[in-house]
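# Commentary on secondary and tertiary structure
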Number of protein chains: 2
Amino acid sequence: MTYETLAAALHDAIVQNDQAAWPALVAELNPADMSDVLGQIEQPEQVIGVLQVMSLDKRADTFGYLPMALQQAVAERLSPGDLAELVTAMSADERADLFNELDDNIRYALFKRLAREEREDLRRLASYEEGTAGAIMTSDYAVVQSGMTVARALESLRRTAPDKETIYQAFIVDDDHRLLGAVSLRQLIVATPNVRVDDLMAREVVSATTDTAQEEVARLISRYDLLALPIVNGGEKLVGIVTYDDAMDVAEAEATEDMHKGATVGKLDTSLRAASPYALYRSRVHWLVILVFANIFTGAGIAYFEDTIAAHLALLFFMPLLVASAGNAGAQSATLMVRGIATGDVTGSDWAKLFFKDILVASALGLTMSAAVLMVGFFRAGIDIAMVVALTMIIVVLVGSLIGMALPFILNKLNFDPATASTPLITTIADVSGVLIYFGIATAVLGL
Amino acid sequence: MTYETLAAALHDAIVQNDQAAWPALVAELNPADMSDVLGQIEQPEQVIGVLQVMSLDKRADTFGYLPMALQQAVAERLSPGDLAELVTAMSADERADLFNELDDNIRYALFKRLAREEREDLRRLASYEEGTAGAIMTSDYAVVQSGMTVARALESLRRTAPDKETIYQAFIVDDDHRLLGAVSLRQLIVATPNVRVDDLMAREVVSATTDTAQEEVARLISRYDLLALPIVNGGEKLVGIVTYDDAMDVAEAEATEDMHKGATVGKLDTSLRAASPYALYRSRVHWLVILVFANIFTGAGIAYFEDTIAAHLALLFFMPLLVASAGNAGAQSATLMVRGIATGDVTGSDWAKLFFKDILVASALGLTMSAAVLMVGFFRAGIDIAMVVALTMIIVVLVGSLIGMALPFILNKLNFDPATASTPLITTIADVSGVLIYFGIATAVLGL
């Protein structure tokens with residue numbers, strides 16, 4: 001049976017409350033797949049019922065994959081004892097995420113029942129600001145004490161393996177827990193047993209601090225193909241790791257956020273499917289209203305040239321395509337630039353080179369499009385207006401493109417998010433400029 | 001010294017041809033960082049000089065990170081013997097990528113010098129279509145024969161480790177190389193040595209076939225937090241793996257491609273920084289010209305209502321903001337939908353639910369924006385036109401939003417890329433609809 005069939009069967013068995021069928025299906029399914037099925041179940045009681053059939057490890061894994069709102073609902077309904085057991089089996093980073101979302105009284109009841117070590121770990125992890133390395137790291141990392149032999153390091157990793165997020169990358173620390181180096185399990189099992197790990201380890205370890213932005217963490221992991229990135233505190237002491245799977249989730253969420261921003265959709269805390277209509281409304285209304293008022297300038301620009309327009313109503317025919325072309329070229333430049341900055345492809349020092357390249361490209365684009373509209377203009381409105389339209393096209397495409405290119409750069413320099421240079425914002429600025437340039441040229445050339 | 005300082009020092013040493021400084025800097029720097037420095041060097045001869053001071057492994061790693069055009073330039077200038085040595089040390093997937101780009105005569109000369117095993121592997125990997133699992137997989141995966149004990153499996157992994165992309169995930173195959181299960185190195189080192197791997201392995205292994213799309217491969221790896229995804233051929237035989245680091249690269253490239261598409265920028269084979277002006281022109285001109293002609297419909301719509309406009313020039317003032325609002329709301333809906341489909345958050349069965357949610361959200365947005373323009377309209381143009389503008393706003397925001405929501409879905413159903421529903425395309429469709437709705441309502445209400 002494919003996982004889709006199994007998932008559908010589990011879904012049906014839950015909806016029909018066919019509890020006898022649960023254990024067999026649960027045993028076959030993956031935590032990620034089960035969390036999908038459970039996420040569609042409206043009743044937290046039924047979710048708890050299914051979770052209870054799983055082994056503790058699988059339960060903790062599946063629970064960790066559930067949407068946060070459902071995790072909260074389940075946590076509220078479990079007895080403090082059951083919740084403590086579940087939470088203890090979760091990975092440290094997911095535990096801290098949940099903990100931050102719980103009501104104070106549940107948090108307190110849970111806290112009392114946790115072992116001292118978990119309690120302190122939770123307090124520490126929960127204290128980091130959202131969006132930083134500290135908030136996504138886990139404290140279940142593998143360490144090897146400096147001075148150990150390979151054989152002892154392997155023995156230590158083997159013993160502690162069940163509690164660690166990964167043992168494929170271990171970090172060597174001194175007595176003060178300062179990060180000295182890193183060694184992979186691959187290196188260890190290939191090495192001679194009596195060699196010291198210090199002679200084996202990589203000393204130039206890529207690391208981040210607890211307040212490094214999470215997108216930077218994801219970028220480092222992707223750039224250096226890391227399994228785990230060590231996170232140190234201000235005193236260079238190792239306090240956690242971020243693993244590649246969490247980096248993948250961060251990279252996906254950041255790309256989604258940037259894409260949404262590119263169309264003026266604000267941050268959604270949940271998926272599109274799970275988002276409430278109100279949350280969607282809130283994420284969208286902000287910029288739409290701002291842009292309505294911004295567009296009044298375009299209207300005012302048109303009103304300013306009312307005499308020209310009244311004298312040459314044929315000019316209106318070409319307005320949408322000129323203004324839209326400026327916006328479209330600007331959207332292209334802005335999107336190339338925003339994504340280039342986000343992936344680290346474009347840095348500050350590239351500015352001048354990219355600027356000249358964009359002028360070259362935009363001029364060529366403007367000429368091509370100008371040729372296209374010249375013919376349309378000639379057949380529709382005669383040579384005079386055709387010349388105005390063709391000339392305007394070259395200028396507005398160039399201007400639109402340069403605005404699109406420059407705005408993300410300027411925002412970035414001013415420490416704003418370059419992704420704020422969204423397509424609708426660029427289009428609006430291009431609209432205003434386009435109208436002014438078009439009717440300005442028309443007024444001059446047609447002599448009004 | 002930070003890596004930025006080291007990278008800058010290496011860059012200077014190359015530019016000044018200070019060859020004595022190269023070995024020390026090369027020893028300290030990471031392959032990923034060095035490839036960045038080398039990517040900025042214009043002369044392939046100098047790149048070759050720096051590569052030559054590295055150990056073979058580091059040279060192969062660094063070379064694999066270089067932009068493809070530079071890899072080609074270097075490959076063309078190396079002797080067949082040096083190239084064969086370098087290529088043999090590369091990972092199998094990167095080797096196949098380069099091989100596909102080489103000139104026939106270089107390819108032939110290289111082919112002759114490779115060992116038989118590498119030759120066959122290369123021929124096989126190079127035969128898969130770009131964008132599929134086959135094209136990004138590597139054949140350097142770790143296998144364990146069914147029936148082996150844990151101790152023997154560990155010994156076999158240890159022995160073959162240097163040649164494998166990863167040994168943290170090993171796959172169990174039968175005598176015909178059919179995939180039976182998977183076992184992690186973590187499981188193996190924790191297990192009792194004389195247990196058989198068959199009793200330990202996971203039997204329900206997530207896998208893909210050679211023709212699975214690369215974005216689906218990346219999605220599976222991210223969804224199930226895999227280190228490596230096994231790739232099987234038509235006969236269920238294991239032929240390769242895709243590792244998490246390649247999946248991260250694919251996910252980033254796919255997100256970039258989707259973002260670019262969202263602003264009608266076509267596929268770029270290289271980064272923005274490295275792209276030639278002509279490549280950028282080509283990637284942008286296509287849709288810009290299409291949209292120029294599409295915008296003629298908007299112009300025609302305006303021309304059709306010339307009498308209404310001539311009688312009420314004040315209507316023009318509101319046209320940009322109404323039309324832009326439709327486009328902006330449409331861009332939001334389309335972007336939410338395109339990204340939702342790409343991340344697997346939205347599937348076909350969600351259509352109806354999302355449709356009704358979007359109607360609800362768009363109506364609320366339309367009402368809000370309608371209230372905003374009602375006042376502007378009243379003070380600027382009197383109650384009649386204000387009513388027309390307010391009514392138009394509700395309708396165009398709703399229509400724009402529904403077009404934005406429906407188009408990606410329809411494209412997806414018809415097996416086109418939903419990302420083709422770009423913001424400029426949606427804006428153009430919304431422009432035409434907006435003009436027709438606005439002047440249509442105006443003509444009806446103002447009684448012309």
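Our structure's up above, just so we're on the same page.
Description of the structure in this document. Only a predicted model underlies this, so the values are computations on that prediction, with no experimental measurement involved.

Time to look at the overall build of chain A. Secondary structure assignment for chain A yields 21 helices and six strands. Radius of gyration (C-alpha) of chain A: 29 Å, far over the 22 Å computed for a compact globule of 448 residues. For chain A, the C-alpha atoms occupy an extent of roughly 90 × 60 × 45 Å along the three principal directions. For chain A, the residues scored as buried account for 54% of the 448 residues in total. Summarising the internal contacts of chain A: among those between residues at least 6 apart in sequence, 67% fall at separations of at least 24. About 18,900 Å² of surface is accessible on chain A, with carbon and sulfur atoms providing 54% of the total. Distance from the positive charge centre (32 side chains) to the negative charge centre (56 side chains) of chain A: 5 Å.

Here we take up the pattern of salt bridges. Evaluation of the coordinates by the stated rule reveals 30 salt bridges over all chains. Here D36(A) makes a salt bridge to R223(B), at a shortest N to O gap of 2.9 Å. One end of the pair, D36(A), is in helix α3 (residues 31–39); the other, R223(B), is in helix α15 (residues 214–223), on a second chain. Here R223(B) falls in the partly exposed class, since its relative accessible area comes to 24%. We note a salt bridge from E216(B) to R219(B), for which the minimum N-O separation is 2.8 Å. With a gap of three residues between them, E216(B) and R219(B) both fall in helix α15, about one helical turn apart. Under the relative-accessibility criterion, E216(B) is labelled partly exposed at 28%. On the basis of relative accessibility, which here comes to 29%, the residue R219(B) falls in the partly exposed class. Look at the salt bridges and you will find they share partners, linking D33(A), D36(A) and R223(B) into a network.

Moving on, we come to the interface of chain B and chain A. Each partner contributes residues to the interface: chain B has 109 residues there, and chain A has 109 residues. A combined buried area of about 9,900 Å² lies between chain B and chain A, and 65% of that area is made up of carbon and sulfur atoms. For the pair chain B and chain A, the number of links is seven salt bridges. Remark: the boundary between chain B and chain A carries 55 residue pairs in polar contact (both at pLDDT 80 or more).

Moving on: the sheet that holds strand β4 (residues 208–209) of chain A. All names here are of chain A. A sheet is described by the order of its strands in space; here three strands give the open sequence β4-β5-β6, paired in mixed fashion. What marks the edges here is a single partner per strand, and that holds for β4 and β6 (238–243). When strand β5 (residues 228–232) meets β6, the two strands line up antiparallel, connected through five bridges. Looking across to β6, one finds that I231 is bridged to G240.

Residues and elements named next belong to chain A. A cluster of like negative charges, contributed by D97, E101, E129, E130, D211 and D269, occupies part of the molecular surface. By secondary structure assignment, the location of D97 is in helix α8 (residues 92–101). Judged by its relative accessible area of 35%, D97 falls in the partly exposed class.

This next bit is on the sheet that holds strand β3 (residues 179–184) of chain A. Hydrogen bonding along the main chain pairs the strands of a sheet, whether they run parallel or antiparallel. Residues and elements named next belong to chain A. Pairing is mixed in the open sheet, where three strands are placed in the order β1-β2-β3. Pairing within the sheet leaves two strands with one partner each, and these edge strands are β1 (142–145) and β3. Each strand axis lies, on average, 35 degrees off the axis of its neighbour in the sheet, ignoring direction. Across five bridges, strand β2 (residues 169–173) lies against β3 in antiparallel orientation. Within β3, the residue paired with A170 across the bridge is V183.

Before going further, it helps to examine the relation of the copies chain B and chain A. If you rotate chain B by 180 degrees and push it 0.0 Å along the axis, it lands on chain A with an RMSD of 0.1 Å. In symmetry terms, the pair is related by a two-fold rotation axis.

Turning our attention to the packing of aromatic side chains. Going through the model one piece at a time under the given rule, you end up with 20 aromatic pairs over all chains. Aromatic side chains Y244(A) and Y244(B) sit 4.2 Å apart centroid to centroid with 45 degrees between the ring planes, which places their arrangement in the tilted category. Separated into two different chains, Y244(A) in helix α16 (residues 244–262) and Y244(B) in helix α16 (residues 244–262) make up a pair that spans both. For the pair Y244(A) and Y244(B), a shared accessibility class is recorded, and that class is buried. Each member of the aromatic cluster is reached from another via a ring pair, and the members are Y304(A), F305(A), Y438(A) and F439(A). Taking the ring centre of F99(B) as reference, the NZ or CZ of R107(B) above it sits at 5.3 Å.

This part covers the nonpolar core. Counting 162 residues, the largest nonpolar core has L10(A), L185(A), I221(A), L229(A), L185(B), I221(B) and L229(B) as the members making the most contacts within it. Setting aside its immediate chain neighbours within four residues, L229(A) contacts V206(A), S207(A), A208(A), V217(A), L220(A), I221(A), G240(A), I241(A) and V242(A). Core analysis: the next-biggest nonpolar cluster, separate from the first, contains 102 residues, L322(A), I302(B), F318(B) and L336(B) among them.

Here we take up empty space enclosed by the protein. Summed over the entire model, instances satisfying the criterion amount to five cavities of 30 Å³ or more. Considering only enclosed or pocket space, the largest cavity measures out at about 360 Å³ in volume. As for the largest cavity, its lining consists of 28 residues, of which V323(A), D431(A), V323(B), A324(B) and D431(B) are closest to the centre. Sorting the residues of the lining of the largest cavity by element identifies α17 (277–304), α19 (314–342) and α21 (423–446) of chain A together with α17 (277–304), α19 (314–342) and α21 (423–445) of chain B as the ones contributing at least two each. Classifying every residue of the lining of the largest cavity gives 15 nonpolar, 11 polar and two charged. Taken as a whole, the second largest cavity spans an internal volume of roughly 290 Å³.

Another point: the environment of A406(B). With respect to the secondary-structure elements, A406(B) resides in helix α20 (residues 351–413). Each C-alpha atom, one on A406(B) and one on F355(B), is 8.0 Å from the other, the two residues being 51 residues apart in sequence.

With that settled, consider the pairing of β3(A). Of all the six residues making up β3(A), five are buried; the element is thus mostly covered by neighbouring parts of the structure. Linking β2(A) to β3(A), which pair antiparallel, is a turn of five residues; within it H177(A) sits at a positive phi near 70 degrees.

As a packed pair, α16(A) and α15(B) sit with axes 9 Å apart at the nearest point and diverge in direction by 125 degrees. In this view, α16(A) runs oblique relative to α15(B), as classed from their interaxial angle. Together, M248(A), D249(A) and E252(A) of α16(A) and A218(B), I221(B) and S222(B) of α15(B) make up the contact between the two elements. Classifying every residue of the contact of α16(A) with α15(B) by side-chain character gives three nonpolar, one polar and two charged.

With that settled, consider the environment of E130(A). As for its placement among the helices and strands, E130(A) is situated in the loop between α10 (116–125) and α11 (133–136). As for E130(A) and D417(A), which are separated by 287 residues in sequence, their C-alpha atoms are 17 Å apart.

With that out of the way, let us pick up α16(A). Residues and elements named next belong to chain A. The end-to-end C-alpha separation of α16 is 27 Å, in line with the 27 Å expected for 19 residues at 1.5 Å each. What α16 keeps buried is the set Y244, D245, D246, A247, M248, V250, E254, A255, T256, D258, M259 and H260. With its phi angle positive at about 60 degrees, T264 sits one or two positions after the end of α16.

Here is what the cut-offs are and how they apply
- Residues numbered from 1 in each chain as written.
- Chains lettered and ligands numbered in written order.
- Predicted model: local features only at pLDDT ≥ 70, side-chain atom pairs only at ≥ 80, totals over all residues.
- Heavy atoms only, no water.
- Helix = DSSP H or I, 4+ residues; strand = E, 2+ residues; numbered from the N terminus.
- Rg over C-alpha atoms; globule rule 2.2 N^0.38 Å.
- Buried < 20%, exposed > 50% of the residue type's maximum accessible area, 1.4 Å probe, protein only.
- Contact = heavy atoms within 4.5 Å.
- Areas by Shrake-Rupley, 256 points an atom, 1.4 Å probe, with all protein chains shown as cover.
- Lys, Arg positive; Asp, Glu negative; His and termini not counted.
- Charge placed at Lys NZ, Arg CZ, Asp CG, Glu CD.
- Salt bridge = Lys/Arg side-chain N within 4 Å of Asp/Glu carboxyl O.
- Buried area = accessible area lost by both parts, 1.4 Å probe.
- Polar contact = N/O pair within 3.5 Å; in protein donor to acceptor, adjacent residues only side chain to side chain.
- Pairing = 2+ DSSP bridges.
- Patch = residues over 30% accessible without salt bridge, like charges linked within 9 Å, V, L, I, M, F, W, Y side chains within 5 Å.
- Axes fitted to C-alpha atoms, helices over the stretch in contact; angles between N-to-C directions.
- Least-squares fit on C-alpha atoms with pLDDT ≥ 70 in both.
- Phe/Tyr/Trp six-rings, centres within 6.5 Å; stacked < 30°, edge-to-face > 60°.
- Lys NZ or Arg CZ within 6 Å of the ring centre and 35° of its normal.
- Core = buried A, V, L, I, M, F, W, Y, C linked by side-chain atoms within 4.5 Å.
- 1 Å grid on protein atoms, 1.4 Å probe; cavity = no way out; pocket = protein on both sides within 12 Å on 5 of 7 lines; lining within 4 Å.
- Points joined across faces, edges and corners; volume = space filled by probe spheres on them.
- Nonpolar A, V, L, I, M, F, W, Y, C, P; charged D, E, K, R; others polar.
- Parallel < 35°, antiparallel > 145°, perpendicular 65-115°, else oblique.
- Expected span 1.5 Å × (residues − 1).

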